[in-house]
Amino acid sequence: MVARSLVSIVDDDESVRESLPDLLREFGFTVQAFSSAEEFLASDCVAQTRCLILDIAMPGMSGPELQRELTRRMHRIPIVFITAHGDGAVRPRSLERSAVQCLLKPFSETALIEALNAALRA
Amino acid sequence: MSAWTTLVGSSTMASGFGRDIARKRDGVQTREGFRIAASALLICVGYYLGARIGFMLRLPPATPSVLWPPNAILTAALLLTPPRRWWIYLLAALPAHLIVEVAARLPASLVLALFVTNCSEALLAAALVRQFSGGGTAFNTFRGLATFILCASLIAPFLSSFLDAGAMAVFRGENYWLDWRTRFFANVLTELTLVPPIVMIGSGQTAGVLPRPGRRLLEWGGLWLGLIIVGGIIFNWHPQSGTFVVLSHLPITVIMPFLYWAAVRLGPLATSLAVLTVEALAIWGGAGAWYLPSPAENVLSLQIILIVVTAPLLSLSGLMQERRQTRDAVRASEAFLSEGQRLGSTGSFSWRVDTDEITWSEQVYRIFEFDQAVPVTLELIGTRVHPEDIPLFYEMIDRARGDGNDFEYEHRLRMSDQSVKYLHVVAHGTRDQDGRLEYVGAIQDVTERRLSEEALSKVRSELAHVARATSLGALTASIAHEVSQPLSGIITNASACLRMLAADPPNVDGARETARRTIRDGTRASDVITRLRALFAKKEATTESVDLNEATREVVALSLSELQRNRVILQAELAVGLPLVTGDRVQLQQVILNLLLNASDAMTGVTDRPRQLVIRTERDEGHRVRLSVQDAGVGFEPQDVDRLFEAFYTTKSGGMGIGLCVSRSIIENHHGRLWAAPNAGLGATFSFSVPCAPGGVTGSDSFGTVRTPAVTYAEHCMRNS
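Residues numbered from 1 in each chain as written. Chains lettered and ligands numbered in written order. Predicted model: local features only at pLDDT ≥ 70, side-chain atom pairs only at ≥ 80, totals over all residues. Heavy atoms only, no water.

Student: Would you explain the overall build of chain A in this entry?
Tutor: When helices and strands are tallied, chain A shows 5 helices and 5 strands. Helices (α) and strands (β) of chain A occur, in sequence order from the N terminus, as β-α-β-α-β-α-β-α-β-α. Of the contacts made within chain A by residues no fewer than 6 positions apart, 62% connect residues no fewer than 24 positions apart. As presented, chain A carries roughly 5600 Å² of accessible surface, and 49% of it is formed by carbon and sulfur atoms. (Helix = DSSP H or I, 4+ residues; strand = E, 2+ residues; numbered from the N terminus. Contact = heavy atoms within 4.5 Å. Areas by Shrake-Rupley, 256 points an atom, 1.4 Å probe, with all protein chains shown as cover.)

Student: Just checking my understanding: could you explain the nonpolar core for this structure?
Tutor: Residues and elements named next belong to chain B. Of all hydrophobic cores here, the largest spans 82 residues; its most connected members are L79, F148 and L259. Apart from the residues lying within four places of it in its own chain, the contact partners of F148 are L79, V129, F139, S153, E191, L192, V195 and P196. Judged by nonpolar contacts, the second largest core, of 41 residues, contains A575, A632, F636 and C692. (Core = buried A, V, L, I, M, F, W, Y, C linked by side-chain atoms within 4.5 Å. Buried < 20%, exposed > 50% of the residue type's maximum accessible area, 1.4 Å probe, protein only.)

Student: Help me understand the sheet that holds strand β3 (residues 407-414) of chain B in this model?
Tutor: Residue and element names in this part refer to chain B. If you trace the 5 strands from one edge of the open sheet to the other, you get β2-β1-β5-β4-β3, paired in antiparallel fashion. Strands at the two margins of the open sheet, each flanked by one partner only, are β2 (357-360) and β3. Averaged over all adjacent pairs, the angle separating strand axes in this sheet is 25°, with direction ignored. When β3 meets strand β4 (residues 420-431), the two strands line up antiparallel, connected through 8 bridges. Within β4, the position partnered with R412 by the bridge is Y422. (Pairing = 2+ DSSP bridges. Axes fitted to C-alpha atoms, helices over the stretch in contact; angles between N-to-C directions.)

Student: What am I meant to see in helix α6 (residues 142-172) of chain B here?
Tutor: Structurally, the α-helix is built with 3.6 residues per turn, so residues lying three or four positions apart point the same way. Residue and element names in this part refer to chain B. The terminal C-alpha atoms of α6, which comprises 31 residues, lie 42 Å apart, in line with the 45 Å expected from a rise of 1.5 Å per residue. Its axis deflected by about 35° at P157, α6 carries its strongest bend there. After α6 finishes, the residue G173 shows a positive phi value of roughly 65°. (Expected span 1.5 Å × (residues − 1). Bend = angle between axes of the 7 residues up to and from the residue.)

Student: How should the pairing of strand β1 (residues 6-10) of chain A be read in this particular structure?
Tutor: Successive residues of a regular strand alternate their side chains across the two faces of the sheet. Residue and element names in this part refer to chain A. With respect to burial, β1 is a largely interior element, 5 of its 5 residues being buried. The alternating pattern of β1 places L6, S8 and V10 on one face and V7 and I9 on the opposite face, and all of these are buried. Pairing geometry for β1 and strand β2 (residues 30-34), over 5 bridges, is parallel. Looking across to β2, one finds that V10 is bridged to F34. With helix α1 (residues 14-26) bridging β1 and the parallel β2, this β-α-β connection has right-handed handedness. In the sheet, β1 pairs with strand β3 (residues 51-55) via 4 bridges, with the strands oriented parallel. By the bridge assignment, S8 is partnered in β3 with L52. (Right-handed = clockwise from strand over helix to strand, strands pointing away.)

Student: Could you clarify how one ought to interpret a nonpolar patch on the surface in this entry?
Tutor: Residues and elements named next belong to chain B. A cluster of nonpolar side chains, contributed by L41, V45, Y48, L49, I53, M56 and I99, occupies part of the molecular surface with about 680 Å² of accessible area. With respect to the element layout, L41 can be found in helix α2 (residues 25-56). Judged by its relative accessible area of 57%, L41 is exposed. (Patch = residues over 30% accessible without salt bridge, like charges linked within 9 Å, V, L, I, M, F, W, Y side chains within 5 Å. Salt bridge = Lys/Arg side-chain N within 4 Å of Asp/Glu carboxyl O.)

Student: Sorry if this is basic, but what is going on with the environment of P78(A) here?
Tutor: Within the secondary structure layout, P78(A) lies in the loop between α3 (63-72) and β4 (79-83). Distance in space between the C-alpha atoms of P78(A) and C51(A) is 5.2 Å, their sequence separation being 27 residues.

Student: Honestly, the pattern of salt bridges in this entry has me stumped. Any pointers?
Tutor: Working definition: two side chains of opposite charge can pair if their charged atoms are close together. Residue and element names in this part refer to chain B. Counted under the stated rule, the structure contains 34 salt bridges over all chains. For D179, the salt bridge goes to R183, with nearest N and O atoms at 3.1 Å. Pair noted here: D179 and R183 are both in helix α7 (residues 176-202), with a separation of 4 residues, about one helical turn. Judged by its relative accessible area of 9%, D179 falls in the buried class. A salt bridge links D521 to R520, with the shortest nitrogen-to-oxygen separation between them at 3.3 Å.

Student: Can you walk me through the interface of chain B and chain A in this structure?
Tutor: Many authors give the size of an interface as the accessible area that is lost as the parts come together. Contact residues are listed per partner, giving 20 residues for chain B and 17 residues for chain A. Together chain B and chain A conceal approximately 1700 Å² of surface at their shared face, both sides included; 53% is due to carbon and sulfur atoms. When the buried surface of chain B facing chain A is broken down by residue, Q485(B), T492(B) and R499(B) rank first, second and third, together holding 31% of it. Linking chain B with chain A are 5 salt bridges, by the criterion used here. There are 6 residue pairs in polar contact (both at pLDDT 80 or more) connecting chain B and chain A. Counting only elements with at least two residues in the side of chain B that touches chain A, the list comes to α14 (447-502) and α15 (508-536) of chain B. Sort the elements by how many residues they give to the side of chain B that touches chain A and α14(B) lands first, with 14 residues. For the side of chain B that touches chain A, a count of residues per class yields 5 nonpolar, 10 polar and 5 charged. (Buried area = accessible area lost by both parts, 1.4 Å probe. Polar contact = N/O pair within 3.5 Å; in protein donor to acceptor, adjacent residues only side chain to side chain. Nonpolar A, V, L, I, M, F, W, Y, C, P; charged D, E, K, R; others polar.)

Student: Hey, could you run me through the sheet that holds β1(A) in this one?
Tutor: Consider a sheet: its strands pair through backbone hydrogen bonds, and that pairing is either parallel or antiparallel. All names here are of chain A. With parallel pairing, 5 strands are arranged side by side in an open sheet as β2-β1-β3-β4-β5. With one partner strand each, in any of the chains shown, β2 and β5 (101-104) form the two edges of the open sheet. The sheet shows a mean angle of 20° between the axes of neighbouring strands, taken without regard to direction. Where α1 meets the sheet, its contacts fall on β1, β2, β3 and β4, and the angle it forms with β2 comes to roughly 170°.

Student: Help me out: how do you make sense of the packing of aromatic side chains in this one?
Tutor: Each aromatic ring pair is summarised here by two numbers: the centre-to-centre distance and the angle between the ring planes. All names here are of chain B. On inspection of all chains with the given rule, the structure shows 22 aromatic pairs over all chains. Ring centres of F139 and F148 lie 4.9 Å apart, and the angle between their planes is 55°; this geometry places the pair in the tilted category. A centroid spacing of 5.5 Å and a plane angle of 20° characterise the contact between W351 and Y439, whose relative ring orientation is stacked. Here W351, found in strand β1 (residues 346-352), pairs with Y439, found in strand β5 (residues 437-445); they are 88 residues apart in sequence, far enough to count as distant. The class for Y439 is buried, based on a relative accessible area of 0%. Feature note: the residues F158, F162, Y176, W177, W180, F184 and F185 constitute an aromatic cluster, connected by ring pairs. The ring of F370 has R384 sitting right over it, with the charged end atom 4.5 Å from the ring centre. For R673, the ring lying beneath its charged end belongs to W675, and the centroid distance is 4.1 Å. (Phe/Tyr/Trp six-rings, centres within 6.5 Å; stacked < 30°, edge-to-face > 60°. Lys NZ or Arg CZ within 6 Å of the ring centre and 35° of its normal.)

As structure tokens, then:
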């Protein structure tokens, strides 16, 4: 486990933005939560983010669009996608684009930590 | 083509010279001029020869000719040509006339006067015929022939004979009336017997009149052989004077059957040719059988007899010809109709109800695959009707017999090779003056249409299944998303809460906060479920009084095609006087439809027994009404009875498993109960029972089970499929 690594969370759902940082902090991560992709890009956290937990379906810029934008800006940040849509079609496409993991909501604490660790090792 | 054809109007000639008339106009005009000249020459020669022959047609020692062909040639020429050319052909005859008459040593003035009178007869005849026969000379019709007989062979000779006799009286001092009589009868006979064959051959009206090789030629040959043999004998028979006077008419009596034969069987041309033959034979034999005081009277007698015989015979031949043409036209029309019926797979029939006399068109025989020689009876038809449709067939027969109303129905046939045909029958009932009923109708073979309809319906039904599954899939995804979000929050918060409590020291404030959020997210998930439930549960405010029988009939009508596709035999037993229930009519119908379709689906794999489906309404205990749907399908294991109504439990490959679940919630909303039970035999029965509306009873309280008309109709449709 890498201590004090910055994990950024981008999700339009408030309950995720409230609950996930609390949990991740319990595991020793530094966490920043953003309600939209635009807000994340505008912040000064982009360069320091070691791992991004990213919702797929969001109003405005979607998760995959943010992924493309980061690639364009040469930020190679490992991404863990999270989604409430049990649609299998979204998953493989996201994984191809270097996203390490994709978690279906609701996900367990164990699954989350495994995904994060895998992403950080990448 | 006969040379006389050249006399026929220029317009028909011109059209024969090619399409580009303008470019060839000069050529056409040259040729037309040539044709007119040829025709004029022909008339001139004909006139001359006619006159020479006319001189020979005498019964010596009498001097008058029996016939005077030149007049007939002139009349025929004018009848065959347009009036604007008449002067050409009349003038063409003048040289011939001069040669003939001057050779006979007549004075020039008399010769000219006789030419004028001859022309006047031809002009009068042609003008009158043109006027009254509508311009044409249709000698193949009764009207054409009657007009000709009256105008050309009676009125024209009658009038012109006055001029003839006048000329003779003035220039030769002959007895006016005696001469008129001689000329009148000669002219009448000439026109009557010579003009028709010339005009018919000249105008090409010989189609179907002249014999063609084969039996018809044989008939002509036979007729003339008999005519010449019998006529040759009878006209040359010269019995001793003092023989009974009655024998004087023997020749024409003996010859009459031949003339009738020609008139009835062979047409106007053969008739006039036969009369000409008789004339020739009579003159050749010297009209030996006429025993009258003077030779002149002998001639007159022959003329009158021939006139009296020929005029009605010609008319008769015209009538017979028309009849033949009508018969041919009817045959052609029948052939046309028959071909149309064959192409449209539709036959026609008539049915005399009192005698059960049935007439079929050719196509109906073809549809039923019966030989046309077989007499049609209801029993015979019954042997072809599909066994399952026989009760329907006889029911329709009985109904038609009873009320005489128009009927329309469909039934199947089973052919000898076991193939099945679908027939659509429409009939209109009429009563004759005596009130006897007759149906006239059409039978259409709709097998192909029905098969393609079934194929279409199957595709549509599959599409509907796919659409339903797709929309339910979308609904499911949406519900899943709505529920997953708060669930995700709950799990994450609870995880964080545990972590905070397990920390040293425990982060109690943080734990309290996360616990609070857990509760909030749980409430949120619960709200989703509430909304979902609201989708299925309507408010009681839209309740109305519902006649369950009526609602059932509508559903049966709606689901007919689906049931038919599955070859389900539906039997509806709807109780009379069923009380009304209170509720949402559409929702109750959804439940009935769901039960019907489930029952139908449960029998999809059944092949060893009829796919019998019984839908039944009846009163239930405790002021309730019960509807049950009984199938003969695969049924279910008793231990599964509780799971049947669980959501997403299904035994069907394409099913979503929510139908019975939703149905039960609807019935429970109606304060009712929905349950299932295995049958004693095969299959299962699903029933629901709902309370009656207060005081709402539609009819008597009798419990009789009847088949209402609407349902009977539905069953017919079903069995027709």
